[in-house]
Amino acid sequence: MHDATPTVESSGRIPDDAPALRNPAVTTAESMMDAALAVSPAGLLHARATAPCLRLEARDPCRFIITTAWHEYSGDLSQGLVLQALRGAEGAPGSPICHSGNMLECRHRGRRLSLDVESHIVDFGIRRLPGRVVLFHESRFHRPEGLAGRLRPFARLRYEYAISAENPVLQLTVTLTAEPGLRLIAPRITTALDALSPAGARTAIRRLIAWGPGGKAATQPSGQTGAVTLHEGPARHLLLPEEPRYGGTAQACHLRLSDGHLLASVKGTPQADGMLHWLVLRYACPTLPRGGSMTIREERLRLDEASIDPTPDAAEQTIGGAVSVAIEAAREAEASWDAGGTAPDRRPASARIALTPPTGAAGETAALRGNIKLLGSALAQSRLAACASAEAPIGPQAIGLASRACCQADIEGDWLRHWCRVLGVAPRYHRKLWEDCTVPQMLWEAGMLEPGRRGLGFAVGREDLPALFASRGVEVLATDLDSADSRATAWTQTGQHADRLESLHRPRLLPEEGFRRRVQFRPVDMTAIPADLLQGEFDFVWSVCALEHLGSLEAGEAFVRTAMRCLRPGGIAVHTTEFNLDPTGPTVETGPTVLYQRRHLERLGESLAAAGHAMLPLRDPAGDRQLFDQLVDLPPYAHQGGPENSPHLRLVLAGHTVTSVALVIRAGGA
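Residues numbered from 1 in each chain as written. Predicted model: local features only at pLDDT ≥ 70, side-chain atom pairs only at ≥ 80, totals over all residues. Heavy atoms only, no water.

Draft legend 1. Representation of the packing of aromatic side chains in the model. A full pass over the atoms with the stated rule returns six aromatic pairs. Their ring planes at 40° and their centres at 6.4 Å tell us that Phe141 and Phe154 sit as a pair that is tilted. Of this pair, Phe141 sits in strand 10 (residues 132-145) while Phe154 sits in strand 11 (residues 150-164); the two residues are 13 residues apart in sequence, bridging distant segments of the chain. Phe141 sits in the buried class, given a relative accessible area of 0%. Both rings, one in Phe458 and one in Phe559, keep their centres 5.1 Å apart while their planes meet at 85°; by these two values the pair is edge-to-face. In this pair, Phe458 sits in strand 26 (residues 454-458) while Phe559 sits in helix 11 (residues 553-563), placing the two residues 101 residues apart along the sequence. Classification of Phe559 as buried rests on a relative accessible area of 2%. Ring pairing ties together the aromatic residues Phe469, Phe540 and Trp542, which thus form one cluster. (Phe/Tyr/Trp six-rings, centres within 6.5 Å; stacked < 30°, edge-to-face > 60°. Helix = DSSP H or I, 4+ residues; strand = E, 2+ residues; numbered from the N terminus. Buried < 20%, exposed > 50% of the residue type's maximum accessible area, 1.4 Å probe, protein only.)

Draft legend 2. Structural detail: the state of the cysteines. Counted according to the given criterion, the structure contains zero disulfides. Considering cysteine sulfurs only, Cys406 is the nearest to Cys407, which forms no disulfide, with 6.5 Å between them. On the basis of relative accessibility, which here comes to 0%, the residue Cys407 falls in the buried class. (Disulfide = S-S within 2.5 Å.)

Draft legend 3. Summary view of helix 12 (residues 598-610). Spanning 13 residues, helix 12 covers 18 Å between terminal C-alpha atoms, matching the ideal 18 Å at 1.5 Å per step. What helix 12 keeps buried is the set His600, Leu601, Leu604, Gly605 and Leu608. Considered in projection along helix 12, the buried side chains sweep an arc of 140° and stay on one side of the axis. Exposed and facing more than 90 degrees away from the buried side of helix 12 are Glu606 and Ala610. In this fold, the buried residues of helix 12 make contact with helix 11, strand 31 (567-580), strand 33 (614-615) and strand 36 (656-666). (Expected span 1.5 Å × (residues − 1). Arc of directions from axis to C-beta. Contact = heavy atoms within 4.5 Å.)

Draft legend 4. The pairing of strand 36, seen in detail. Extensive coverage of strand 36 is indicated by the burial of nine of its eleven residues. As defined by bridge partners, strand 25 (residues 404-405) adjoins strand 36 across two bridges and the pair is classed as antiparallel. Within strand 36, the position partnered with Arg404 by the bridge is Ala662. Pairing of strand 33 with strand 36, which is carried by two bridges, proceeds in the antiparallel orientation. Residue Ala614 lies in a different strand from strand 36, and its bridge partner there is Arg666. Pairing analysis gives three bridges linking strand 35 (residues 650-653) to strand 36, with the strands arranged antiparallel. Residue pairing for strand 36: Leu651 is matched across the bridge by Val658. (Pairing = 2+ DSSP bridges.)

As structure tokens, this is what we get:
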């Protein structure tokens, strides 16, 4: 038996009232709302018609029992086991499924280590918070070091299951943390579902449906035994339909993967009758920096007696109608139930948004645009407030070193919240904030933000990044156009041009003495980089929203290729630019602002490869289908009098829908 000690933490109070039993009359409405929740952006559209309630019936972490209006949870946290059963109309639990951890894998001295999560648990317990309970277990892993083979701790892995009184979703958060001074090579962590189709249960699972970058795909093992690969690569949503064995209604288990871009594979173990018994999701990243963390979040939802198709495709097409009908059905059912004098108060919370009345045809168009922006702003504020209330790991989080396009999942990620804290800004759904956070994130993952490194920034304007990098001990050379150059006039007039070192100092990041010791400034034209900077003496180079302003697509590509000569072998370049989301149609090829398409970036990658460099593959933005990834912002923007928090991840430039993209390139010759 491993040396594990239970921990019980307490904050706030959990209501001790018994969970209210659900009236069968509202089952249809609840099922429709569950389906809406499964596909809506993190539950913003989810308005339950059930009284919030949560009861901790058995508090021993080794034999806990927790009940809500929807589920009963039980298990043994010392063994990493969390069982979840649906509660029927009379409150009795059905057959449970098992949530567990499974394995940690990584490379050490050329060998792949595979370590069992449950057998390495050193701490576990129950945290009591207002309106919810968090179950946790933490494992610590050791590996042999030196000639004597002395065991040294190298990583910690923590699983947290958050159970809410107001929401049927089980929120799973898994955090892998490397010990200080140790780097993890090719780490893989897993989440698992077990006991999916127990004998005698009225439902069973025979297939997996996944929504990934390539769309929807269904997999069903046929005559196979042992572990079967059901899905490979990223996915944003998984569905396990629980089909009735003996007639009656079906159930379903949804998994929304907030960090699905890190998903490597999904494997399952079928039983002799073809029903799935065990499912393992394996997440991977290339390297975890020293002392860094990798966090995986899943939202797990079991549906009961769904009378509409609960799959994302079906519900996405009629999401507004489904929510509206569900709310009205719940209200009608509770009104008739209240008449009998037996129902508790379970009315959905209402929200009021003032919409602008239209005046005339032109007024109608302007009002419609304003109303959409206002609704988007309200949703964005609500979502940001929900994210801010969630617990976030302290310190940077690994997300995988790769070229990537701006998306909603990134804005809501713990990694971006970390850099917002460092920069002293509040998170918001804005692509420019995403750029300012993505550049340091990629450089940190590449091991570049360490004392003694040298960085070169182009067209830095009034960025915070030179001061941020200097605060990490990096020696920085910041550059921008000479203020005497006529091309700098527009940037100077809008406060986006740097002409001296003082304009880059940020006292909140580091004192002036340290800033002046580590940061230098000089005028540099990106189209004519001085020869003394092309000697391969820098560890990294970067530019933010600059190369698209060099006059043409070709000029921007030429800058990227030339800037690689500034890097030492193995160095890293990170550049952000405009990205036209139409892969094949027309674009803006010349002018003050050009728009790159995937084909242009692929062409650039080929030319870099010919020179011995490697542009890391672009994470496909088509795989991100959350609400704000589909909402295209239109004028008036915030600086033009529009709503302050209107989502601004996609917008229209010169008639094209665009976002921001970050290119990550590794210099050859290492």
